[in-house]
Amino acid sequence: MSHLLLNYYEAASVILFGIGFMNLLLQNNLIKKFIGLNIMDTAVYLFLAAKGYIFGRVAPILTNGVIDADYYINPVPAGLVLTGIVVSVSVTAFSLALVQRLYKHYGTLNMDEIMKLSREREGE
Amino acid sequence: MNEKKTFWQHLQAWVNGEEAMLHADEYIKKRELPRERNWIRKPDFQRIKANKGLYWFLCVLVSVVFITIMLTVVANLPTFGQPINPANNEVVERYLEKGIEETGAINFVAGMILDYRAFDTFGESNVLFLAVISVLILLKRDKKNIDAREDRETEEDERFDKSDHKSILKIGAKYLSPVIILYGIYVVLNGHLSPGGGFSGGSIIGAGLILYAAANGHEKMHRFFTFKTFTLISVGCLLTYCGCKSYSFFTGANHVGYEIPKGIPGNILSAGFILPLNICVGLIVACTMYGFYALFTKGDM
Amino acid sequence: MSMELSTIIQMVLVVFLIASAIGVSITRNLFLAVIVFMGYSSIMAIIWVFLESPDLAITEAAVGAGVDSVLFFLTLKKVHALKGTREG
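Residues numbered from 1 in each chain as written. Chains lettered and ligands numbered in written order. Predicted model: local features only at pLDDT ≥ 70, side-chain atom pairs only at ≥ 80, totals over all residues. Heavy atoms only, no water.

A. Fine view of helix α14 (residues 274–297) of chain B. With 24 residues, α14(B) extends 35 Å between its outermost C-alpha atoms, agreeing within 8% with the 34 Å of an ideal straight helix rising 1.5 Å per residue. Counting buried positions along α14(B) gives 20 out of 24 residues, so the element sits mostly inside the fold. (Helix = DSSP H or I, 4+ residues; strand = E, 2+ residues; numbered from the N terminus. Expected span 1.5 Å × (residues − 1). Buried < 20%, exposed > 50% of the residue type's maximum accessible area, 1.4 Å probe, protein only.)

Here it is as structure tokens:
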């Protein structure tokens, strides 16, 4: 338990991932589902960045002319997350475009109603 | 023919392809019959979803079990922020100690994502372009995707935008958007010297363009940014990126003898290809962000 | 267990993060959910600064609180879920 408090960033990212996952499963509204997906994204980024942090070190940009691996934090997670954030925006935009088309077709954003309507239209 | 074959004979015949030819009709008939499996009750997902309480309970159970397992894992992970953690291995040491010498960039992250792992970033830029194209396919206003109600709403919005001349948004955007775009350009151009780079600066420029377009409408935006501009910038930047990074293929695996001059680390014109690549990525990201906005509001660029 | 001030601030920020995530989940109003999600992204940007990743902070502030929310609001307007515009 005390170890969880020491690893509080990782613990928080796991909890956030769980909350986003619950949103994705339980929400009926599509927009809130996608907000849940975004929360899951940021939870993964938080986990990665927390793995790269080291106490008492500075950001990976040359400071005071020191070229030493013991002076900077880990730059690899920053590189991974940087591209990930921008790609997650494009995923969000694509899914929201799909939501708009669904609304135009069915006139609602409620998942249950969309399923019901699609089954009715199939039956016709 | 009807004698009882053993399993191995069946298998041998199947391997040789005889079984399929000899018994094809029988097999197809048998395949089309529903399988009788009374001893397992298939879980009916529709019924479970229809039963709100049960569905809710199962979802919460799955999530809670997942969180518990992962929290147990986190409790056994190495302590946060210690230099001896296995994530800080020799790869990181190499990037940090040889990075400036090999890439010429002061910002180690820029040196990493645009030199050591430049192909990965190329893929990301392509993902952005693909995302805009997909949204364009979904939302473009054309003959098949037209709606009288939506047209009326767009028209009303445009009339409403034209009627107010000095709203807070317009005056704020007039003074803020040049500053935001200038800051974005600064971040892109100094990507190898300071925090930021193509992705950060590009999204700042995109946000500035969105602010300008939201305040002044699409007609003013069309003076300098049309769909043609978008295509030219995106495709041109992607091709430039591709050309800059594929020179290794033409000059041999290590590009021996064709070293790009690195310059003095710390100068604005240094770090080989990182500055042009940063500009390419920044332009692509900015166009992508504005393209999303334009497609979401008007259905066209 | 003695803790530094910055650790306490970071823990408080993390608690805010979780609280706003739960807030997004339980609110019924879509507009409110997007606003709270904007706040979530801003808190995330501050946390990136604490984790010594200024590049990520710039990107998250521009993308998460800026572009992402604009896209969500535009979608809300298109699906007539904003009060005061065109409902239903």
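B. Inspection of the side chain of Lys51(A) at higher detail. Position of Lys51(A) relative to the elements: it lies in helix α3 (residues 30–52). In this structure the side chain of Lys51(A) is engaged in a polar contact, spanning 3.4 Å, whose partner is the side chain of Glu10(A). Every residue in contact with Lys51(A), bar those within four places of it in the chain, is listed here: Glu10(A), Leu77(B), Pro78(B) and Ala87(B). (Polar contact = N/O pair within 3.5 Å; in protein donor to acceptor, adjacent residues only side chain to side chain. Contact = heavy atoms within 4.5 Å.)

C. How the structure looks around the layout of surface pockets. Counted as a void, the largest pocket has a volume near 1300 Å³. The wall of the largest pocket is formed by 41 residues, among which Asp161(B), Ala214(B), Tyr293(B), Thr297(B) and Lys77(C) lie closest to the centre. When residues of the lining of the largest pocket are traced back to their parent elements, those giving at least two are α9 (148–163), α10 (168–189), α11 (198–221) and α14 of chain B together with α3 (54–78) of chain C. Class assignment for the residues of the lining of the largest pocket results in 17 nonpolar, 10 polar and 14 charged. Roughly 670 Å³ of volume is contained in the second largest pocket. (1 Å grid on protein atoms, 1.4 Å probe; cavity = no way out; pocket = protein on both sides within 12 Å on 5 of 7 lines; lining within 4 Å. Points joined across faces, edges and corners; volume = space filled by probe spheres on them. Nonpolar A, V, L, I, M, F, W, Y, C, P; charged D, E, K, R; others polar.)

D. How the structure looks around the pattern of salt bridges. All names here are of chain A. By the definition in use, this model includes one salt bridge over all chains. When the shortest N-O distance is used, the salt bridge between glutamate 10 and lysine 51 registers 3.4 Å. Of this pair, glutamate 10 sits in helix α2 (residues 8–26) while lysine 51 sits in helix α3, placing them 41 residues apart in sequence. In this structure lysine 51 comes out as buried when scored by relative accessible area, which is 17%. (Salt bridge = Lys/Arg side-chain N within 4 Å of Asp/Glu carboxyl O.)

E. Inspection of empty space enclosed by the protein at higher detail. Applying the stated criterion to the full structure yields five cavities of 30 Å³ or more. Counted as a void, the largest cavity has a volume near 90 Å³. As for the largest cavity, its lining consists of Asn38(A), Asp41(A), Thr42(A), Tyr45(A), Ile85(A), Ser88(A), Phe37(C), Ser41(C), Glu60(C), Val63(C), Gly64(C) and Asp68(C). For the lining of the largest cavity, the elements supplying multiple residues, two or more each, are α3 and α4 (75–106) of chain A together with α2 (30–50) and α3 of chain C. Each residue belonging to the lining of the largest cavity can be placed in one class, and the counts come to four nonpolar, five polar and three charged. Here the second largest cavity defines a volume of roughly 60 Å³. What lines the second largest cavity is simply Leu82(A), Ala110(B), Ile113(B), Leu114(B), Gly196(B), Gly197(B), Gly198(B), Phe199(B), Asn278(B) and Val281(B). Taken together, the elements giving at least two residues each to the lining of the second largest cavity come down to α7 (108–116), α11 and α14 of chain B. In terms of residues, the lining of the second largest cavity owes the most to one element, α7(B), which gives three residues. The class makeup of the residues in the lining of the second largest cavity is six nonpolar, four polar and no charged.

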